[in-house]
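Listed here are the chains, written in short residue letters.
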Amino acid sequence: GAMAKAFEIIARQLCDNAGFDATNILNKLRQKHAQDGIWWGVDINNENIADNFEACVWEPTIVKSNAIIAASEATCLLLSVDETVKNPRSGQGEQKMPGGMPGGMGMGRGRGRPMM
């Protein structure tokens, strides 16, 4: 669901840039995609949708698929780091010393140097 909504923004932006009613075009496009019309896209010349395979609109899929995979992996990594930071049990082994810093660093001046 979330990936599909993210990809839908491409068709919506094409419609907006061409001055079309994006809602109408996207509804037609969703309907075609639901009927296994995987090659259908926005036809800016006729203010409609068209079969991009028949219209010879081909795109470099290897570059796009690698970019999508890399973006998905980066998103998963960020979410896993976020879960680790939010997890209250992740800090159980650390002892807090006076000054509020874990590990007894005390109040520092920043950049890892303790105050003298």
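Residues numbered from 1 in each chain as written. Predicted model: local features only at pLDDT ≥ 70, side-chain atom pairs only at ≥ 80, totals over all residues. Heavy atoms only, no water.

Asks: Looking at this structure, how should I read the packing of aromatic side chains?
Replies: Enumeration over the complete set of coordinates arrives at two aromatic pairs. Centre to centre, the rings of Trp39 and Phe53 are 5.3 Å apart; their planes meet at 40 degrees, and the pair counts as tilted. In this pair, Trp39 sits in the loop between helix H2 (22–34) and strand E1 (40–43) while Phe53 sits in the loop between strand E2 (48–51) and helix H3 (61–86), placing the two residues 14 residues apart along the sequence. An aromatic cluster is defined as three or more aromatic residues linked by ring pairs; in this entry it consists of Trp39, Phe53 and Trp58. (Phe/Tyr/Trp six-rings, centres within 6.5 Å; stacked < 30°, edge-to-face > 60°. Helix = DSSP H or I, 4+ residues; strand = E, 2+ residues; numbered from the N terminus.)

Asks: Teacher, can you tell me more about the layout of surface pockets here?
Replies: Where empty space is left in the structure can be found by rolling a water-sized probe over the atoms. Each pocket or cavity is described by its volume, and for the largest pocket that value is around 1,200 Å³. Residue composition of the lining of the largest pocket, by class: 17 nonpolar, six polar and five charged. (1 Å grid on protein atoms, 1.4 Å probe; cavity = no way out; pocket = protein on both sides within 12 Å on 5 of 7 lines; lining within 4 Å. Points joined across faces, edges and corners; volume = space filled by probe spheres on them. Nonpolar A, V, L, I, M, F, W, Y, C, P; charged D, E, K, R; others polar.)

Asks: Even after reading the chapter, I still don't get the environment of Lys28, so can you show me in this structure?
Replies: You can see Lys28 is positioned in helix H2. With relative accessibility at 30%, the residue Lys28 sits in the partly exposed group. Considered as a pair, Lys28 and Trp40 are twelve residues apart in the sequence and their alpha carbons are 9.7 Å apart. With near-sequence residues (within four places) excluded, Lys28 lies in contact with Asn48 and Ile49. (Buried < 20%, exposed > 50% of the residue type's maximum accessible area, 1.4 Å probe, protein only. Contact = heavy atoms within 4.5 Å.)

Asks: It is not clear to me how a nonpolar patch on the surface should be interpreted in this structure. Could you clarify?
Replies: A contiguous nonpolar patch, built from Met3, Phe7, Ile9, Ile10, Leu14, Ile44 and Ile68 and spanning about 630 Å² of accessible area, is present on the exposed surface. With five residues, the single largest contributor to the nonpolar patch is helix H1 (residues 2–18). Positionally, Phe7 belongs in helix H1. Look at Phe7 and you get partly exposed, because its relative accessible area is 38%. (Patch = residues over 30% accessible without salt bridge, like charges linked within 9 Å, V, L, I, M, F, W, Y side chains within 5 Å. Areas by Shrake-Rupley, 256 points an atom, 1.4 Å probe, with all protein chains shown as cover. Salt bridge = Lys/Arg side-chain N within 4 Å of Asp/Glu carboxyl O.)

Asks: Honestly, the nonpolar core in this entry has me stumped. Any pointers?
Replies: Within soluble globular proteins, side chains that are nonpolar generally end up buried alongside one another. Among the nonpolar cores identified, the biggest contains nine residues, and these are Ala11, Cys15, Phe20, Ala22, Ile25, Leu26, Leu29, Val42 and Ile49. For this core, the elements supplying multiple residues, two or more each, are H1 and H2. Dropping the residues within four chain positions of it, Ile25 is found in contact with Cys15, Phe20, Val42, Glu47, Asn48 and Ile49. (Core = buried A, V, L, I, M, F, W, Y, C linked by side-chain atoms within 4.5 Å.)

Asks: How do you make sense of the side chain of Asp43 when you look at a structure like this?
Replies: Take Asp43: it is sitting in strand E1. Lacking a salt bridge, the buried Asp43 has Lys28 as its closest oppositely charged neighbour, with an N-O distance of 10 Å. Only 3.2 Å separates the side chain of Asp43 from the backbone nitrogen of Asn45, close enough to count as a polar contact. Within the local environment of Asp43, its side chain forms a polar contact with the side chain of Asn46, the two groups lying 2.8 Å apart. (Lys, Arg positive; Asp, Glu negative; His and termini not counted. Polar contact = N/O pair within 3.5 Å; in protein donor to acceptor, adjacent residues only side chain to side chain.)

Asks: Looking at this structure, I do not really get the pairing of E2. What am I missing?
Replies: Remark: a regular strand shows side chains that alternate across the two faces of the sheet. As defined by bridge partners, E1 adjoins E2 across four bridges and the pair is classed as antiparallel. Bridged to Trp40 within E2 is Asp51. Taking the residues that link successive antiparallel strands as the turn, the E1-E2 hairpin has four residues, and the phi of Glu47 there is positive, at about 50 degrees. (Pairing = 2+ DSSP bridges.)

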